[in-house]
Amino acid sequence: MNRTAKTLLVIALVGVVGMAFRVSWNALRDVARTVGADGTASLLYPFVVDGLMALALVATLVLTGRDRTFALRVLAGYTLASLVLNYVHGLVPALHGGGHRMMLADWAPANWALVLLATSLPVGSIFFGSDLVAKVLHHRPANQDETPVMLTNQSVSDLRESAPALLSVVPDLPVIESARQQPAPAPTDTAPVKAVAAAVPAPRRATGRVPQSARTPRPTRTPSELLAEAQTAAAGWPDAKVTAEAIRKAVHTSAANARALRDAIKAERRAERPDSDDGREATGDGS
């Protein structure tokens, strides 16, 4: 529906409501005169009843929850009261024109109840109308209940202190080792540094295994390169120090490669020694 059609619909609705109010206004004015209201009070009486109905209807469109239920009850109660008074006005032809006191019903209890209803509506309008207006003025939409977190006015130290609490919400966030080791840029003396929301938070220690994609690739060494590195590292070592653990720590390789390198180095050393040295070594081993 376009804007013009909506405007015409609202105008038509206002016209229908206005004509309906005029019809109800006539009946409520006569009832007010019958229960003792003067000329001015009887003219204002319809606004007290039907006017609060309109106010309660607007309140139901704004309020939510229990407040909306209360507004609906006020709307239903005053609608029923207006209907009863209009019905009584139609049943008693003597009310038409008003101007003098008379009974609203032949049965005394019914007349008392109708008079009580007619005279209590203005008081109820004051009470319920004030309550509805207060509820509408103090009503806050649901999207304004939550206060957004503002980080633009926080200092860098505050952001670093709050970073672990923020990062704990995302437990599986991958941590790149190279990014953790980059130092923060030092501020210059020419212009003051102002912390903003995009400030890099303090690094968080990894709680799990670093994904393979985040690791720094290490070049693969060939067996000959490993042997050359091991020979260089163990050049000045005695035979007792040439162990798999020492070689593994020296060339940073696996335990299996370290054992193979150890055997290869010892085999080369035995091959380079004279036969006499081999004989003495064999004798020493035998003893």
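Residues numbered from 1 in each chain as written. Predicted model: local features only at pLDDT ≥ 70, side-chain atom pairs only at ≥ 80, totals over all residues. Heavy atoms only, no water.

### Regarding the overall build of the protein
What the protein contains, in helices and strands, is 10 helices and 0 strands. Secondary structure elements in the protein, listed N-terminal to C-terminal, are α-α-α-α-α-α-α-α-α-α. Counting all 287 residues of the protein, 22% fall into the buried class. Contacts spanning at least 24 positions in sequence make up 66% of the contacts within the protein whose residues lie at least 6 apart. Approximately 20300 Å² of the protein is accessible, and the part contributed by carbon and sulfur atoms is 63%. (Helix = DSSP H or I, 4+ residues; strand = E, 2+ residues; numbered from the N terminus. Buried < 20%, exposed > 50% of the residue type's maximum accessible area, 1.4 Å probe, protein only. Contact = heavy atoms within 4.5 Å. Areas by Shrake-Rupley, 256 points an atom, 1.4 Å probe, with all protein chains shown as cover.)

### Remarks on the packing of aromatic side chains
Applying the stated criterion across every chain, the model contains 4 aromatic pairs. For the pair Phe21 and Phe47, a centre-to-centre distance of 5.0 Å together with 50° between the ring planes defines the contact as tilted. One end of the pair, Phe21, is in helix 1 (residues 3-34); the other, Phe47, is in helix 2 (residues 39-62), and 26 residues separate them in sequence. Here Tyr78 and Phe128 contribute two aromatic rings whose centre-to-centre distance is 6.5 Å and whose plane-to-plane angle is 80°, an arrangement assigned as edge-to-face. In this pair, Tyr78 is assigned in helix 3 (residues 65-91) and Phe128 in helix 4 (residues 108-137), connecting sequence segments 50 residues apart. Classification of Tyr78 as buried rests on a relative accessible area of 5%. (Phe/Tyr/Trp six-rings, centres within 6.5 Å; stacked < 30°, edge-to-face > 60°.)

### Examining the nonpolar core
Among the nonpolar cores identified, the biggest contains 26 residues, and Tyr45, Tyr78, Leu85 and Leu121 are the most heavily contacted of them. At the level of elements, helix 1, helix 2, helix 3 and helix 4 are the ones that each hand at least two residues to this core. With 7 residues, the top contributor of residues to this core is helix 3. Excluding its chain neighbours within four sequence positions, the residues that come into contact with Leu121 are Tyr45, Val48, Val49, Tyr78, Ala81 and Leu85. (Core = buried A, V, L, I, M, F, W, Y, C linked by side-chain atoms within 4.5 Å.)

### Some points on the layout of surface pockets
In this model, the second largest pocket occupies a volume close to 390 Å³. Forming the boundary of the second largest pocket are 17 residues, of which Val17, Phe21, Asp50, Met53 and Ala54 lie nearest the centre. Those elements that provide at least two residues to the lining of the second largest pocket are helix 1, helix 2 and helix 3. In terms of residue count, the dominant contributor to the lining of the second largest pocket is helix 2 (8 residues). Each residue belonging to the lining of the second largest pocket can be placed in one class, and the counts come to 11 nonpolar, 5 polar and 1 charged. (1 Å grid on protein atoms, 1.4 Å probe; cavity = no way out; pocket = protein on both sides within 12 Å on 5 of 7 lines; lining within 4 Å. Points joined across faces, edges and corners; volume = space filled by probe spheres on them. Nonpolar A, V, L, I, M, F, W, Y, C, P; charged D, E, K, R; others polar.)

### Thoughts on the pattern of salt bridges
In total, this model carries 8 salt bridges according to the counting rule given. Among the ionic pairs, Arg248 bridges to Glu245, the shortest N-O distance being 2.5 Å. In this pair, Arg248 and Glu245 are both assigned in helix 8 (residues 244-251), 3 residues apart and thus about one turn of the helix distant. Take Glu245: its relative accessible area is 40%, and that puts it in the partly exposed class. Glu245 is paired through a salt bridge with Lys249; the nearest N and O atoms lie 3.9 Å apart. (Salt bridge = Lys/Arg side-chain N within 4 Å of Asp/Glu carboxyl O.)

### Comments concerning the packing of helix 7 (residues 223-233) against helix 9 (residues 255-272)
Direction vectors running N to C along helix 7 and helix 9 enclose 65°, while the axes themselves pass 10 Å from each other. Of the two possible hands of crossing, helix 7 and helix 9 adopt the one that is right-handed. On the side of helix 7, the interface is formed by Leu226, Leu227, Ala230 and Gln231, while helix 9 contributes Asn257, Leu261, Ala264, Ile265 and Glu268. Class assignment of the residues belonging to the contact of helix 7 with helix 9 gives a composition of 6 nonpolar, 2 polar and 1 charged. (Axes fitted to C-alpha atoms, helices over the stretch in contact; angles between N-to-C directions. Left-handed = near helix turned anticlockwise from the far one by under 90°.)

### Here we look at helix 1
The terminal C-alpha atoms of helix 1, which comprises 32 residues, lie 46 Å apart, in line with the 46 Å expected from a rise of 1.5 Å per residue. Of all the positions in helix 1, only Ser24, Trp25, Ala27, Leu28, Arg29, Asp30, Val31, Ala32 and Thr34 are classed as buried. Looking at the packing, one finds that the buried side of helix 1 touches helix 2, helix 3 and helix 4. Backbone geometry just after helix 1 places Gly36 at a positive phi near 110°. (Expected span 1.5 Å × (residues − 1).)

### What to know about a nonpolar patch on the surface
Among the surface-exposed residues, Val58, Leu61, Val62 and Val136 lie close enough to one another that they form a single nonpolar patch of about 340 Å² accessible area. Counting residues per element, the nonpolar patch draws most heavily on helix 2, at 3 residues. Locating Val136 in the fold gives a position in helix 4. On the accessibility criterion, Val136 (30% relative accessible area) is partly exposed. (Patch = residues over 30% accessible without salt bridge, like charges linked within 9 Å, V, L, I, M, F, W, Y side chains within 5 Å.)

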